[in-house]
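Architecture at a glance
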Amino acid sequence: MRILKTQTLRGPNYWSIRRHKLIVMRLDLEELAEKPSNEIPGFYEGLIKVLPSLIEHYCSRGHRGGFLERVQEGTFMGHIIEHIALELQELAGMPVGFGRTRETATPGVYNVVFEYVEEQAGRYAGRAAVRLCNSIIQTGSYPQEELEQDLTDLKDLYANAALGPSTETIVQEAQTRKIPWMWLSARAMLQLGYGARQKRIQATLTENSGILAVELACDKEGTKTILSEMGIPVPRGTVIQYLDELEDAIEDVGSYPIVIKPLDGNHGRGITININSWQEAEEAYDLASAASKTRSVIVERYYLGTDHRVLVINGKLVAVAERIPAHVTGDGKSTIEELIEITNRDPRRGEGHDNVLTKITVDRAALTVLEKQGYRLDTVLESGETAYLRATANLSMGGIAVDRTDDIHPENVWIAQRVAKIVGLDIAGIDIITPDITKPLRDVNGVVVEVNAAPGFRMHAAPSQGLPRNIAAPVLDMLFPAGTSCRIPIIAITGTNGKTTTTRLTAHIYRQTGQVVGYTTTDGIYIDEYLVEKGDNTGPYSASVILKDPTVEVAILESARGGILRSGLAFDSCDIGIVLNVAADHLGLADIETIEQMAQVKSVVAETVKPEGYAVLNADDPLVAAMAQRVKSKVAYFSMNPDNQLVSDHIRRDGLAAVYENGYLSILEGKWTLRIEKAVNIPVTMGGMAPFMIANTLAACLAAYTQGVDIEIIRRGVRTFQLSPAQTPGRMNLFNLGEYHALVDYAHNPHGYEAVSGFVRNWEGEKIGVVGGPGDRRDEDLILLGKIAAQTFDTIIIKEDDDPRGRGRGEAADLIAKGIYQENPNLGYETILDETEAIETGLNRASSGSLVIVFPESITRAVSLIQKRIEK
């Protein structure tokens, strides 16, 4: 077996609308193509020995052990790889369950699809599953050490990609509220929401966190000064920068015991508390100075009591945690070193901030703290006796947190909320030392020792003891107050032909509302009339550019087949999903072999529409109309036939539709017909002579109407939208060259040729076609292009694309010629492979009143050749 290709899906996709995170692995079974598992000696026994936990996989049998029954009875290796890839991830701590395996049109080649939590881990799991199976097939087993290494690697990949605990807390709450989120590419910033309604965070800093407040919180002495002036109880203290200032500073704060810490430290680094001698003070000064970027050190009076972190969000206290320094409790028989090892075995403890708790480390600071208590690492503590290993209570140093939210005295609540306001932080972590948090600070000599910007959430969301607090909820309530949305309207557009024109027309209509419109097309990414990035931009990357832009108020996203298959959609849901048509194009590519499968690809857009939104479907296309049975949203139809039975039935059920009737483009709503405009007055329909453009316009108008755009605005939009190389490059661009005309259109498949021919056949003069087709299309598709060309044109020049896409030079042209001959053996045609020469030849042969139709590979080149003639 060998892996041919691996793809990572990150949004709604061909395989699943609901499960966005999928690995698609194209797997060649090679010599195992015709050999099910029951015909491979020892495979079943080897598999259950290596992964006995597969007993939990139900598979299609629907009961425990169902999958292993399938293996024992005989199933093909692609199916087995799917289950193993899932199980390896499960064993590494990543909960997954969805999988699909389907054979492709190539015998023995399968698409193995399985869920992932972290994409690099998912891809690794697929490779490991193949490696494991090959080993069992060849040797009857898979070494235990290799399995353990696989699981270690998977766990490492998962841990390295994991969100920080504070960020994860916010993201989980956002997902619960269906708030979309995405990483930005700099400074670990996270975007919540889309477009102009987005909010940005960095851990627990938000875009509401003012720079002045953050800078003040980082200046510990400045914070203390301001709080003291406002009547907040704070420690007596001073700032020094040189060792020879230390003695005077100790006298200023009232002698020992004291605390020495860096002015700009964090996470408890460089802090020494309860200092009672000059020698200790000197050592503490060196430690604090080394931890300070400015070499500035705070000397403060030491206050007796326990350390409490009070969390204030948006002016309200939401959580309180008592922080207890890293420690071990004796059992009467184990040494302190052994107790540390036992404590670190707690599965909640990990390295750094990745777990609920952090492992206790033994370093110089820990040994010093032990020594002060009269202990060494080999000391055996009495049962219940406690030995501390850190002077400070930071969780990142192995401390624990005990929830005290329900215990804090009301006056202390008031003080904490005042402190957050005084400093100006939207999210503030306030450190309080007090012997008893249930009593007012002034009554027990308690003090506010620090105010922290970007406070950690771990101790509140997952305390070691006590009730976990949902501290992410008030953050999101602050960022997205009740009644505000985190999303902008998203209109997604797909189909075989007409996507770009419909996208541009829809964007043009929305621009009439005064909103900033971002849209993606096959020729570029645009915001309003400005080009952001040139090129074919119809996939998830280009959509994410629009959704990340904080100026965009409406997103109109052309969503092509390729992007859906490669990565899935860039958004989890949309407000409008337009499906224009489904025709035989790109078949035989990416394992989409039939037009029904292509319809399923296009249907992803319709099925992603939210329940209150609309799927706008072509009632004249049976494959598109059938999508109404799969969507969860409301449905609106458009049709060129006002008597379309599906539309009539839909309207009788109080549905919504757009039709072409009596020369008008009209909205049908209940018993009312709302006429938008006559087709002859809409430039994009070319005087009503281009039926497919009328259909595209119906779809765009209907989409805007369902979103509440006023019909007068829609009317103005369709009247002012022009087909031109500037506004719709390569989409029915008609040029007047005096005695004759030229038309440039990007049609490149039979359905597109048919659409253009609907206009061309109405032309009264000679019709000259410069035709070609992409080399990666099926033979029958290229032959059909030739047949349609023979039905449409009086004279034909066959050319080829510069990029033959895998075919030999002239091969695609020969197939088109074959179709021309089959349709009309007497029709004259000429083959000129070079596109430039072919276009020039067609233009040179144009007679008075004729129309030269060019289907180019390069729109820019074709338009340039024609415009040069106009300028002469």
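Use the structure listed above.
Residues numbered from 1 in each chain as written. Predicted model: local features only at pLDDT ≥ 70, side-chain atom pairs only at ≥ 80, totals over all residues. Heavy atoms only, no water.

Description of the overall build of the protein
Note the threshold: Helix and strand labels come from DSSP, where a helix needs a run of H or I of at least four residues and a strand needs a run of E of at least two; each type is numbered from the N terminus. Buried, partly exposed and exposed residues are distinguished by accessible area as a fraction of the type maximum, computed with a 1.4 Å probe on protein chains only: under 20%, between the cut-offs, and over 50%, respectively. Two residues form a contact once any of their heavy atoms are found within 4.5 Å. Counted as positive: Lys and Arg. Counted as negative: Asp and Glu. His and the chain ends are not counted at all. In plain terms, the charge of a residue is placed at NZ if it is Lys, CZ if Arg, CG if Asp and CD if Glu.
Looking only at helices and strands, the protein has 28 helices and 38 strands in total. If you line up the protein on its principal axes, its C-alpha atoms span 110 × 70 × 55 Å. Scored against the burial criterion, the 872 residues of the protein give a buried share of 55%. Once local pairs closer than 6 in sequence are excluded, the contacts in the protein between residues at least 24 apart make up 66%. For the protein, the distance from the average site of its 88 positive side-chain charges to the average site of its 115 negative ones is 4 Å.

Quick look at the packing of aromatic side chains
Test applied: Under the pairing criterion, centres of Phe, Tyr and Trp rings, with the six-membered ring standing for Trp, must be within 6.5 Å; the plane angle then separates stacked pairs below 30 degrees from edge-to-face pairs above 60, leaving the rest tilted. Our definition puts a charge over a ring when NZ of Lys or CZ of Arg is within 6 Å of the ring centre and also within 35 degrees of the ring normal.
Taken as a whole and assessed by the stated rule, the structure comprises 6 aromatic pairs. Between Phe759 and Trp763 the ring centres are 6.4 Å apart and the planes differ by 55 degrees, which places this aromatic pair in the tilted class. On the accessibility criterion, Phe759 (2% relative accessible area) is buried. Site record: aromatic cluster; members linked through ring pairs are Tyr753, Phe793 and Phe855. Taking NZ or CZ as reference, Arg131 lies 5.9 Å from the ring centre of Tyr124, over its face. Cation over ring: Arg504 sits above Tyr526, and NZ or CZ is 4.5 Å from the ring centre.

Description of the state of the cysteines
Our working rule: For the purposes of this analysis, a disulfide is any pair of cysteine sulfur atoms at a distance within 2.5 Å.
All told, the structure shown has 0 disulfides when counted by the stated rule. The cysteine Cys59 is free of any disulfide, with Cys133 supplying the nearest cysteine sulfur at 14 Å. Relative accessible area serves as the criterion here: at 0%, Cys133 is assigned to the buried category.

Looking at empty space enclosed by the protein
Formally: Residues are said to line a cavity or pocket when one of their atoms sits within 4 Å of a point; the points come from a 1 Å grid over protein atoms alone, cavities being sets where a 1.4 Å probe fits but cannot get out and pockets being open sets with protein on both sides within 12 Å along at least five of seven lines. Grid points are joined across faces, edges and corners, and a volume is the space filled by probe spheres set on the points.
Summed over the entire model, instances satisfying the criterion amount to 3 cavities of 30 Å³ or more. What the largest cavity holds in volume is close to 70 Å³. Taken together, 13 residues make up the lining of the largest cavity; nearest its centre are Thr538, Gly539, Pro540, Ser559 and Leu569. Those elements giving two or more residues to the lining of the largest cavity turn out to be helix 17 (540-548) and helix 18 (561-566).

A few points about the sheet that holds strand 36 (residues 795-798)
Definition in use: Any two strands between which DSSP finds at least two bridges are classified as paired. Axes here refer to lines fitted to C-alpha atoms; in helices the fit is confined to the stretch in contact. Angles between the N-to-C directions go from 0 to 180 degrees.
Read from one edge to the other, the open sheet built from 6 strands follows the order 33-34-38-35-36-37, with strand pairing classed as mixed. Among the strands making up the open sheet, the edge pair consists of strand 33 (733-736) and strand 37 (829-831). On average, adjacent strands in this sheet sit at an angle of 15 degrees to one another, irrespective of strand direction. Bridge count for strand 35 (residues 767-771) against strand 36 is 4 bridges, and the pairing is parallel. Pairing of Val770 across the sheet is with Ile797, part of strand 36. Set on the sheet, helix 28 (residues 859-871) makes contact with strand 33, strand 34 (741-744) and strand 38 (851-854); between it and strand 33 the angle comes to about 20 degrees.

Considering the pairing of strand 35
For strand 35, the buried fraction is high: 5 of the 5 residues fall into the buried class. Covered by surrounding structure in strand 35 are Lys767, Gly769 and Val771 together with Ile768 and Val770, the residues of both alternating faces. Relative to strand 38, strand 35 runs parallel, the two being bridged by 4 bridges. Note on strand 38: the bridge partner recorded for Val770 is Val854.

Here's the deal with the sheet that holds strand 5 (residues 181-183)
If you walk across this open sheet you meet the 4 strands as 5-6-7-8, and the pairing is antiparallel. Since the sheet does not close on itself, it has two edges, and those belong to strand 5 and strand 8 (205-206), each with one partner. The pairing of strand 5 with strand 6 (residues 190-192) spans 3 bridges and is classified as antiparallel. Within strand 6, the position partnered with Trp183 by the bridge is Leu190.

Considering the pairing of strand 25 (residues 530-534)
Inspection of the sheet shows strand 24 (residues 524-527) paired to strand 25 by 4 bridges, in the antiparallel sense. Bridging from a neighbouring strand, Ile525 pairs with Glu533 of strand 25. What sits between strand 24 and strand 25 in their antiparallel hairpin is a turn of 2 residues, with Asp528 showing a positive phi close to 55 degrees.

Quick word on the side chain of His79
Applicable threshold: The term polar contact refers here to a pair of N or O atoms within 3.5 Å; inside protein, the definition further demands a hydrogen-donor-capable atom paired with an acceptor-capable atom, and it admits residues adjacent in sequence only when both atoms are side-chain atoms.
Along the chain, the position of His79 falls in helix 3 (residues 77-91). Of note is the side chain of His79, whose polar atom sits 3.2 Å from the side chain of His83. Beyond its immediate sequence surroundings of up to four residues, His79 is in contact with Cys59, Phe67, Arg70 and Thr101.

Remarks on the pattern of salt bridges
Quick note on the threshold: Within this document, salt bridges are pairs made up of a side-chain nitrogen of Lys or Arg and a carboxyl oxygen of Asp or Glu, the two lying within 4 Å of each other.
Going through the model one piece at a time under the given rule, you end up with 54 salt bridges. Measuring nitrogen to oxygen at the nearest pair gives 2.8 Å for the salt bridge that ties Arg177 to Asp477. Highlighted residues: Arg177 in the loop between helix 6 (165-176) and strand 5 and Asp477 in helix 15 (residues 472-479), separated in sequence by 300 residues. What makes Arg177 partly exposed here is its relative accessible area of 31%. The exposure class assigned to Asp477 is partly exposed, which follows from its relative accessible area of 43%. A salt bridge links Arg504 to Asp523, with the nearest nitrogen and oxygen atoms 2.7 Å apart. Of this pair, Arg504 sits in helix 16 (residues 499-511) while Asp523 sits in the loop between strand 23 (517-521) and strand 24, placing them 19 residues apart in sequence.

Examining the side chain of Gln191
Along the polypeptide, Gln191 turns up in strand 6. Polar contacts involving the side chain of Gln191 include one to the main-chain carbonyl oxygen of Gly193, which spans 2.8 Å. Ignoring sequence-local partners within four residues, the contact set of Gln191 consists of Pro180, Trp181, Met182, Leu184, Gln198, Lys199, Leu547 and Lys548.

Focus on the environment of Glu677
Mapping Glu677 onto the fold places it in strand 32 (residues 672-678). What makes Glu677 buried here is its relative accessible area of 7%. In the structure, Glu677 is positioned 45 residues away from Lys632 in sequence and 31 Å away in space, judged by C-alpha atoms. Among the polar contacts made by the side chain of Glu677, one reaches the side chain of Arg719 at a distance of 2.4 Å.

Side note on helix 10 (residues 278-291)
What counts here: An expected span of 1.5 Å times one less than the residue number is assigned to each helix. In this context, the arc is that of the directions from the helix axis out to the C-beta atoms.
End to end, helix 10 covers 20 Å across 14 residues, agreeing with the expected 20 Å (1.5 Å per residue, within 8%). When we look at burial in helix 10, the residues that qualify are Ala281, Ala284, Tyr285, Ala288 and Ser289. On an axial view of helix 10, the arc spanned by its buried residues comes to 130 degrees, and they lie on one face. More than 90 degrees from the buried face of helix 10, the exposed residues found are Gln279 and Ala290. The secondary structure elements touched by the buried residues of helix 10 are strand 9 (237-240), helix 9 (246-253), strand 10 (258-262), strand 11 (272-275) and strand 12 (297-301).

What to know about helix 24 (residues 750-760)
Of all 11 residues making up helix 24, 8 are buried, and the element is well covered by its neighbours. For helix 24, the set of buried residues is Pro750, Gly752, Tyr753, Ala755, Val756, Ser757, Phe759 and Val760. Buried residues along helix 24 sit in contact with helix 22 (691-706), strand 34, strand 35, helix 25 (779-792) and strand 38.

So, unusual backbone geometry
The omega torsion across Tyr256 and Pro257 is -5 degrees, close enough to zero to call that bond cis. Tracing the backbone through its elements, the reader meets Pro257 in the loop between helix 9 and strand 10. Positive phi outside glycine occurs at Glu30, with the angle close to 50 degrees. As for its position among the elements, Glu30 is in the loop between strand 2 (22-28) and helix 1 (43-50). The class for Glu30 is partly exposed, based on a relative accessible area of 34%. The backbone of Ala188 sits at a positive phi, close to 50 degrees, despite the residue not being glycine. Along the chain, Ala188 turns up in the loop between strand 5 and strand 6.

Geometric descriptors of this kind do not, in isolation, establish any biological role.
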